[in-house]
Amino acid sequence: MSQVQWDAVDRYLGDLLIAPDPALDAALADSAAAGLPAINVSPMQGKFLHLLARIRGATNILEIGTLGGYSTIWLARALPPNGTLVTLESEPGHAAVARANIERAGLTHRVELRLGRAIDTLPQLATEGRGPFDLVFIDADKPSTPDYFRWALRLTRTGSVIVVDNVIRNGAVADAASDDERVRGIQEFLKRAAAEPRVTTTAIQTVGAKGYDGFAIALVTSDG
Ligand code: SAM
């Protein structure tokens, strides 16, 4: 198995299962043109998040890590007409591209983008009494994932879903001796999720256009 094959299968699945979408395509094109790194979720992963939000019946979504707004658009489109999504981004350049992409997708009325380090904006959300969120998507700086998980727990309730991206990291997650701070952040998050009585968690390995990685999903089973 190789990246070439994973790319080909993702293309095959995408052609079959995802209709051409000018707003999503333009979001990726403009992100690339603006020099943003191509670290957005893939189309198949974006649709997975979208379906998960719909299955959950989410009306209030929190995303940590916006980039150019690609996953934001997938998630915001899963909301009912009165639904809202808050997305947190620390890079002004990324936020500017995301705002334009979200506007072109016709979602500005549903999406609030907060500029700043998530470790600062998350407490603000709590202070303002925002939430509880039905779905939280954690996809920002990986060393801070344990902190974001802690905030996600504070900002959710029984039945909420917490998704964490990039938890496999080419298999490095199983390397107990890793000195990569991103791997260590994910390992610490998984350890805390396993020990946390308020959630039940799984993690799934994936291959595809984004290589060999995976995501964790935690279901909040009791209120804090
Ligand atoms: N979720 C996006 C998608 O799939 O389209 C991709 C997000 S990208 C993997 C991670 C983003 O998190 C980057 O845009 C980065 O600037 C942002 N980020 C990094 N550190 C952050 C922090 N401390 N607070 C908020 N955002 C941060």
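In this report, we go over the structure that sits alongside the text. All figures in this text were calculated on a predicted structure; none of them were measured in a lab. (Residues numbered from 1 in each chain as written. Predicted model: local features only at pLDDT ≥ 70, side-chain atom pairs only at ≥ 80, totals over all residues. Heavy atoms only, no water.)

The next thing to look at is the overall build of the protein. Within the protein one finds 8 helices and 7 strands. With the principal axes as the frame, the protein shows a C-alpha extent of 45 × 40 × 30 Å. By residue count, 48% of the 224 residues in the protein fall in the buried class. Within the protein, contacts between residues separated by at least 24 positions form 72% of all contacts whose residues are at least 6 apart in sequence. A total of about 10,600 Å² of accessible surface is found on the protein, and carbon and sulfur atoms cover 55% of it. For the protein, the distance from the average site of its 22 positive side-chain charges to the average site of its 26 negative ones is 5 Å. (Helix = DSSP H or I, 4+ residues; strand = E, 2+ residues; numbered from the N terminus. Buried < 20%, exposed > 50% of the residue type's maximum accessible area, 1.4 Å probe, protein only. Contact = heavy atoms within 4.5 Å. Areas by Shrake-Rupley, 256 points an atom, 1.4 Å probe, with all protein chains shown as cover. Lys, Arg positive; Asp, Glu negative; His and termini not counted. Charge placed at Lys NZ, Arg CZ, Asp CG, Glu CD.)

Across the sheet, which stays open at both edges, the 7 strands sit in the order β3-β2-β1-β4-β5-β7-β6 with mixed pairing between neighbours. Both outer strands of the open sheet, β3 (111–115) and β6 (199–208), are each paired with one neighbouring strand and no more. Neighbour-to-neighbour, the strand axes of this sheet turn through a mean angle of 15°, independent of strand direction. In the sheet, strand β1 (residues 60–64) pairs with strand β2 (residues 84–89) via 5 bridges, with the strands oriented parallel. By the bridge assignment for β2, Ile 64 is matched with Leu 88. Along the sheet, helix α5 (residues 92–104) contacts β2 and β3; its crossing angle with β3, the most-contacted strand, is approximately 170°. (Pairing = 2+ DSSP bridges. Axes fitted to C-alpha atoms, helices over the stretch in contact; angles between N-to-C directions.)

This part takes up the nonpolar core. Of all hydrophobic cores here, the largest spans 29 residues; its most connected members are Ile 61, Leu 75 and Leu 135. Ranked by residue count, the leading element in this core is helix α4 (residues 70–76), at 5 residues. Once residues lying within four places of it in the same chain are set aside, the contact partners of Leu 75 are Leu 49, Ala 53, Ile 61, Glu 63, Leu 85, Leu 135 and Phe 137. Val 86, Trp 151, Val 164 and Ile 186 belong to the second-largest nonpolar core, a separate cluster that totals 28 residues. (Core = buried A, V, L, I, M, F, W, Y, C linked by side-chain atoms within 4.5 Å.)

Here the focus is the pattern of salt bridges. One pass over the structure, following the stated rule, counts 13 salt bridges. With a closest N to O distance of 2.5 Å, Asp 21 and Arg 77 form a salt bridge. With a gap of 56 residues between them, Asp 21 in the loop between α1 (3–17) and α2 (22–33) and Arg 77 in the loop between α4 and β2 connect regions that are remote in the sequence. For Glu 112, the salt bridge is made with Arg 114, and the minimal N-O distance between the two is 2.6 Å. Accessibility expressed as a relative area gives 11% for Arg 114, which makes it buried. (Salt bridge = Lys/Arg side-chain N within 4 Å of Asp/Glu carboxyl O.)

Don't take any of this as a statement about function, it's just geometry.
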